[in-house]
Amino acid sequence: MGKKKDIKVKASQAGQKVRRILLWTLFVVLALIVLYPIVFLLAGSMMGNDELGSCLGAIFLGENGYARFPLLPKFPTLQHYIEVFMDSPGFFVMFWNSVKVTAGVLIGQFVVGTMAAWGFARYDFPWKKGFFLLYVILMLMPFQVLMLSDYLVLDRLLLTDNLWGIILPGVFSTFPVFIMYRFFAEIPDSMIEAAKLDGAKDWQLFVYLAVPIGSSGIIACMVLGFLEYWSLIEQPLTFLKDRSLFPLSIFLPDITSIGKSGMAFAVSVVTFFPAVLVFLGGQDYLEQGIMAGAVKE
Amino acid sequence: MRRKRNRQKKTHKSIRGFLWILPSFLGVTVFYLLPYADVVRRSFFGAVDNRFVGLDNYKMVIENTAFRLAVKNTFLFTLLCIPILIFLALLCAVALYKSKYGGIIKSAFLMPMALPAVSVALVWRILFHSQGLLNHWLAVVGIVGSDWMNTGNAFWILLVSYIWKNLGYDIVLWLAGLAGISTNIYEAARVDGAGERQCFFYITLPNLKPSLYTITVLSFLNSFKVFREAYLVAGDYPHESIYMMQHLFNNWFRSFSFDKMAAAAVMESVVLLALILLLQKAWDSAS
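First, a word on what this report is: a plain description of the structure on this page.

### Thoughts on the interface of chain A and chain B
- Taken together, the contact pairs 104 residues of chain A with 91 residues of chain B.
- A combined buried area of about 8,900 Å² lies between chain A and chain B, and 77% of that area is made up of carbon and sulfur atoms.
- Residue B:Arg228 is joined to A:Glu228 by a salt bridge in which the shortest nitrogen-to-oxygen separation is 3.1 Å.
- The interface formed by chain A and chain B contains 14 residue pairs in polar contact (both at pLDDT 80 or more).
- Of the residues forming the side of chain A that touches chain B, the biggest block, 14 residues, is contributed by helix H1 (residues 2-45) of chain A.

### Structural notes on the layout of surface pockets
- The calculated volume of the largest pocket comes to roughly 2,000 Å³.
- Lining the largest pocket are 48 residues, and of these A:Leu23, A:Phe27, B:Leu91, B:Val94 and B:Ala95 lie nearest its centre.
- Of all elements in the fold, only H1 of chain A together with helix H3 (65-96), helix H5 (117-128), helix H6 (133-140), helix H7 (153-179), helix H8 (183-191) and helix H9 (196-223) of chain B reach the threshold of two or more residues within the lining of the largest pocket.
- The dominant element in the lining of the largest pocket, judged by the number of residues it contributes, is H1(A), at 12 residues.

### Some remarks on the packing of aromatic side chains
- What the rule picks out here adds up to 47 aromatic pairs over all chains.
- Note on A:Trp118 and A:Phe184: the rings are 5.5 Å apart at their centroids and 80° apart in plane angle, and the pair reads as edge-to-face. Pair noted here: A:Trp118 is in helix H4 (residues 89-122) and A:Phe184 is in helix H8 (residues 175-185), with a separation of 66 residues, a long-range link.
- A residue is classified by how much of its surface remains accessible, and A:Phe184, at 1% relative accessible area, is buried.
- On the numbers, 6.3 Å between centres and 25° between planes, the contact of A:Tyr123 with B:Trp20 is stacked. Taken together, the residues A:Tyr123 in the loop between H4 and helix H5 (128-140) and B:Trp20 in helix H1 (residues 2-42) connect one chain to another.
- Site record: aromatic cluster; members linked through ring pairs are A:Phe120, A:Phe125, A:Phe131, A:Phe132, A:Tyr135, A:Phe178, A:Tyr181, B:Phe18 and B:Phe25.

### Some points on the environment of A:Val267
Residue and element names in this part refer to chain A.
- Along the chain, the position of Val 267 falls in helix H13 (residues 258-281).
- Counting along the chain gives 142 residues from Val 267 to Phe 125, while the straight-line C-alpha distance between them is 50 Å.
- Those residues within four positions of Val 267 in sequence are excluded, and the remaining contacts are Val 84, Phe 91, Leu 248 and Phe 251.

Parameters at a glance
- Residues numbered from 1 in each chain as written.
- Chains lettered and ligands numbered in written order.
- Predicted model: local features only at pLDDT ≥ 70, side-chain atom pairs only at ≥ 80, totals over all residues.
- Heavy atoms only, no water.
- Contact = heavy atoms within 4.5 Å.
- Buried area = accessible area lost by both parts, 1.4 Å probe.
- Salt bridge = Lys/Arg side-chain N within 4 Å of Asp/Glu carboxyl O.
- Polar contact = N/O pair within 3.5 Å; in protein donor to acceptor, adjacent residues only side chain to side chain.
- Helix = DSSP H or I, 4+ residues; strand = E, 2+ residues; numbered from the N terminus.
- 1 Å grid on protein atoms, 1.4 Å probe; cavity = no way out; pocket = protein on both sides within 12 Å on 5 of 7 lines; lining within 4 Å.
- Points joined across faces, edges and corners; volume = space filled by probe spheres on them.
- Phe/Tyr/Trp six-rings, centres within 6.5 Å; stacked < 30°, edge-to-face > 60°.
- Buried < 20%, exposed > 50% of the residue type's maximum accessible area, 1.4 Å probe, protein only.

Spelled out as structure tokens, the structure:
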């Protein structure tokens, strides 16, 4: 009897092991599929024009048959990157525009948003709940709903076709307030009371206590914000007409010829590179920031 | 006497508290609230002569075929993509939770979040072209492909893109929910002889209920961003199966149909507001 049970247990253990191996194989395959576009862009950016032509001719040159694509380039070359960095001044203008928009929004959110989050987390004032609800509602409204409002105000302030017209509405976005609020609310009251007893003034509490202790929340917001504003599309597409103001995120490369398609690959890689760096460097903060949205008050 | 002083102290404090919000609130007022009020006003006025027209704009928008198409697509898309995403993310999160290499897989799934849509668009165009890579692979196994972005299949491509981009985000949210369940409950249940399946259905799922609200809301928020991929791959006038609200607003904006935009924006915000409050109410009563 006991032996039978033993065998049964062993069999179920073996079954579990097989199941686990299958599950992990599935996960690894899925992860590889998810990451494939990155490998794809890297490979394409390092292929010479000949190789690109023979692989993608069906798409770009209207040849018969199908496009194909090797996992790695046969003769890797940095030719397209050199073209992007050396021979295309337009690229730098766009890159710089992206930097301006992203940096402008993040700095503004850091100043304005952090203060607001601190106010919501630590003070009591009339209609606080109402104000907070308003912030949450605004945070959830998609761009299309606010598009005309945005345009009307930018038009009146003469900020259409101006990078400030993209930056300022971003600065007052309420999403970072909501995320940082969660982090500030977790600072224990006793810590603040102790600082108050030591004679700390309100602004000192904020600068020397809230900002350092809530720094992970602030960084989380910056990481989320960077990813959002680095790939911003709707706003620049609507409000910018002057091509010299376009950020990289709305640059649609012309891929009607093979020579240009190589550059398109290189530009794609250069565009995602800063975002991937921020992602890898800030992944822990990013996860904390995502989670901050999930915790109930 | 004492009470009075306390109350005074409190009102004093309250004004100070609001000062922290003030810069942000001023910006919100200037950039969002006032112009939104103007939009509400405009929704009742004609675009050209600025004459009061009552509900005419609303009627015009509701009868507009492009509006109906965009509403139908956006509605269908959200209705399908959010449950699928939330369910898949839950499966992954449960499997990855507390496993040794879960972190690496999770990072891989999060990575697409960092990829700007412009970078992805190039890959999509090559993958889903009628002579593109996907059809090449399908031909290898003997299946005849399709012109993915110019048929009804575009809708499903967009759905897969959304899941590809947001799976990691939702997995992290579910993992946060899972981490919030105390291990004591599981231990107690195991002592009582509960199996893995019972633990999942009677402990894990009920305890994840509070997370469901925020995950739904955040997935919803992100669902509007699929416009980016749709726009970059297919332009202003994509296949009709992926003509979304944002396409419609863009096209109206280009033709200066501000009256229609105003009415549609007001309607959409009211519907969204009702949805948010409804979800919140359901959430509050659940927990």
